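Structure at a glance
Read off the chains here:
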Amino acid sequence: MLTKRIIPCLDVTGGRVVKGVQFLELRDAGDPVEIAEMYDQQGADELTFLDITASSDGRDTMVDVVRKTAERVFMPLTVGGGIRTVDDIRRMLNAGADKVSINTAAVFNPDFVREAAERFGSQCTVVAIDARQVPGEQRWEVYTHGGRKPTGIDAVEWAGRMESFGAGEILLTSMDRDGTKDGYDIPLTRAIVDAVSVPVIASGGVGTLEHLYDGFTAAGASACLAASIFHFRQHTVREAKEYLRAKGVNVRL
Amino acid sequence: MIAIIDYGMGNLRSVQKGFEKVGFAAVVTADPKVVLEAERIVLPGVGAFRDCMRNLETGGFVEPILRVIREGRPFLGICLGLQLLFTESEEFGSHQGLDVIPGRVVRFPDGMSASGEKLPVPHMGWNQLSFHCQSPVFAGIDEGTNVYFVHSYYVRPEDAAVVATTTGYGIEFCSAICKDNLVATQFHPEKSQEKGLQILKNFGAMS
């Protein structure tokens, strides 16, 4: 039986892992390769690196981080942030990444997702969706540029469209919850899980282990992404999994 | 020396680094002559079956692969490198494979579910191995070991004797085959942490 995945997310800029609240107040959380090794030892199921630098120099640094990590840890690595061309994808895969996550570029050029899936396979084509609830409605809108720019696109429809373009997985972040520690946006996540047949990764808002449990059960996510509860040693990945297993969630220990 | 066949499909660096980590030198090569000279051969691969097969053909790898398998040199297929060994695949129409193992490559059925939740496709993540035969390549790997999968198609060999392991995902599917020195896995040993590295180490020591 397929186990539910716990994915620590490392936001990287200038070759360092950082963590902020809704993309502000960045705090240094350490060296990415060392942190990746720590999560590997704790039994993380995958790792996601998110390049939060927009510049092209930043991207070279990111390739280097991926290359060094892939020499030391033997688990699936996803890289997101600034992936805009087929060449960006090839560089990341050649460096040792298994999947890339495409966000803003998918909104501006949906055919890029199709091209990526045809060229490299759906298994490595993750589409990241940043969504915010439309005030007062059970509806969510897709945002780009790190959650700053609204697009007018309905998040549930968009997820289905991205699946039809070849996305092999959806990384769904609630921009309302990101950094708040109030828990995942369960209605949003459930709506997307029900709308697509590819795996959905829940992201944004984890503050307690119970939030992970809700992400898997109430929202039905295949994987839960979390950053700060792991980076600042509030919990280890192993503790999270032991908690989930005790509550009946099928996880790998 | 281990030769990892580079035909432009996927993350080969992790396979190479995995072998290095467990003490075996491995080269990534796009030269069929290097494949013919290698003691052990690895055929990795991700992407679409049709494109992979086409690249093997244009790269001049088909004959060398068939020859090293026929000669009984240790050969490891990973993911698409397992599927390519089969007679044909139904991915994007019907496409002929290397036909070393009689059988077909088919997609997971639509609408699978378990415990009231639908089962997404691709089958992505960590799932367990159930063993059906002994092979030195799986020495030290226990029943129920979790390994990492990412695929939407699976293999259906005609001869059940080649099935080394099965895994459950809506259906029970063949997750590895072995036949003499030919071994191939649907999962990714190079992404399966220490258990996966153990499999690479076992392969490096196979004779």
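Structure's up top.
The structure reproduced in this document is the subject of the present report. (Residues numbered from 1 in each chain as written. Chains lettered and ligands numbered in written order. Predicted model: local features only at pLDDT ≥ 70, side-chain atom pairs only at ≥ 80, totals over all residues. Heavy atoms only, no water.)

Quick notes on the overall build of chain B
Defined as follows: A run of H or I in DSSP becomes a helix once it reaches four residues, and a run of E becomes a strand once it reaches two; helices and strands are each numbered from the N terminus. The reference for a compact globule is 2.2 Å times residues^0.38; the radius of gyration itself is calculated from the C-alpha atoms. Any residue under 20% of the maximum accessible area for its type is buried, any over 50% is exposed, and the rest in between are partly exposed; the area is computed with a 1.4 Å probe on protein chains only. Any two residues having at least one pair of non-hydrogen atoms within 4.5 Å are treated as being in contact. Under the convention used here, a 1.4 Å probe and the Shrake-Rupley method define accessible areas, while residue burial counts only the protein chains that appear.
Within chain B one finds six helices and 16 strands. The globule rule puts the C-alpha radius of gyration for 207 residues at 17 Å, and the 16 Å found for chain B is close to it. For the C-alpha atoms alone, the extent of chain B along its principal axes is close to 50 × 40 × 30 Å. Every one of the 207 residues in chain B was classed for burial, and the buried ones make up 61%. Pairs at least 24 apart in sequence give 69% of the contacts found in chain B among residues at least 6 apart. By element, 48% of the accessible surface of chain B is carried by carbon and sulfur atoms, the whole surface being about 7,800 Å².

Here we look at the overall build of chain A
Secondary structure summary: chain A contains ten helices and twelve strands in total. For a compact globule of 253 residues, the expected C-alpha radius of gyration is about 18 Å, and chain A comes in at 17 Å, within 12% of that figure. In chain A, which comprises 253 residues, the share counted as buried stands at 60%. Taking the intrachain contacts of chain A between residues at least 6 apart in sequence as the baseline, contacts between residues at least 24 apart amount to 65%.

Concerning the nonpolar core
Here is the rule we go by: In this text, buried Ala, Val, Leu, Ile, Met, Phe, Trp, Tyr and Cys residues form a nonpolar core when linked through side-chain atoms within 4.5 Å.
Within the largest apolar cluster, 73 residues are counted, with the highest numbers of intra-cluster contacts made by A:I129, A:I170 and A:L212. With sequence-adjacent residues up to four places away left out, A:L212 is seen in contact with A:I6, A:Y184, A:V206, A:C224, A:I229, A:A240 and A:L244.

Concerning the interface of chain A and chain B
Operational definition: Buried area: the sum, over both parts, of the accessible surface (1.4 Å probe) that disappears when the two are put together. By convention in these notes, a salt bridge is any Lys or Arg side-chain nitrogen within 4 Å of a carboxyl oxygen on Asp or Glu. Gly is put with the polar residues, along with every residue not named as nonpolar or charged; the nonpolar set is Ala, Val, Leu, Ile, Met, Phe, Trp, Tyr, Cys and Pro, and the charged set is Asp, Glu, Lys and Arg.
Between chain A and chain B, the residue contacts involve 41 residues of the former and 30 residues of the latter. Surface buried jointly by chain A and chain B totals about 2,800 Å² across both partners, of which 51% is contributed by carbon and sulfur atoms. Taken together, the links from chain A to chain B amount to three salt bridges. A salt bridge links A:E71 to B:R13; the shortest N-O distance between them is 2.5 Å. Elements that contribute at least two residues to the side of chain A that touches chain B include exactly α2 (56–72), α3 (86–95), α5 (110–120) and α7 (186–195) of chain A. Class assignment of the residues belonging to the side of chain A that touches chain B gives a composition of 17 nonpolar, ten polar and 14 charged.

Considering the pairing of strand β3 (residues 40–43) of chain B
All names here are of chain B. Spelled out, the test is: DSSP bridges decide pairing: two strands pair if at least two such bridges lie between them.
Both faces of β3 are covered, namely the face carrying R40 and V42 and the face carrying I41 and L43. Looking at chain direction, strand β1 (residues 2–5) and β3 are connected through three bridges and run parallel. Each bridged residue has a counterpart across the sheet, and for A3 the counterpart in β3 is I41.

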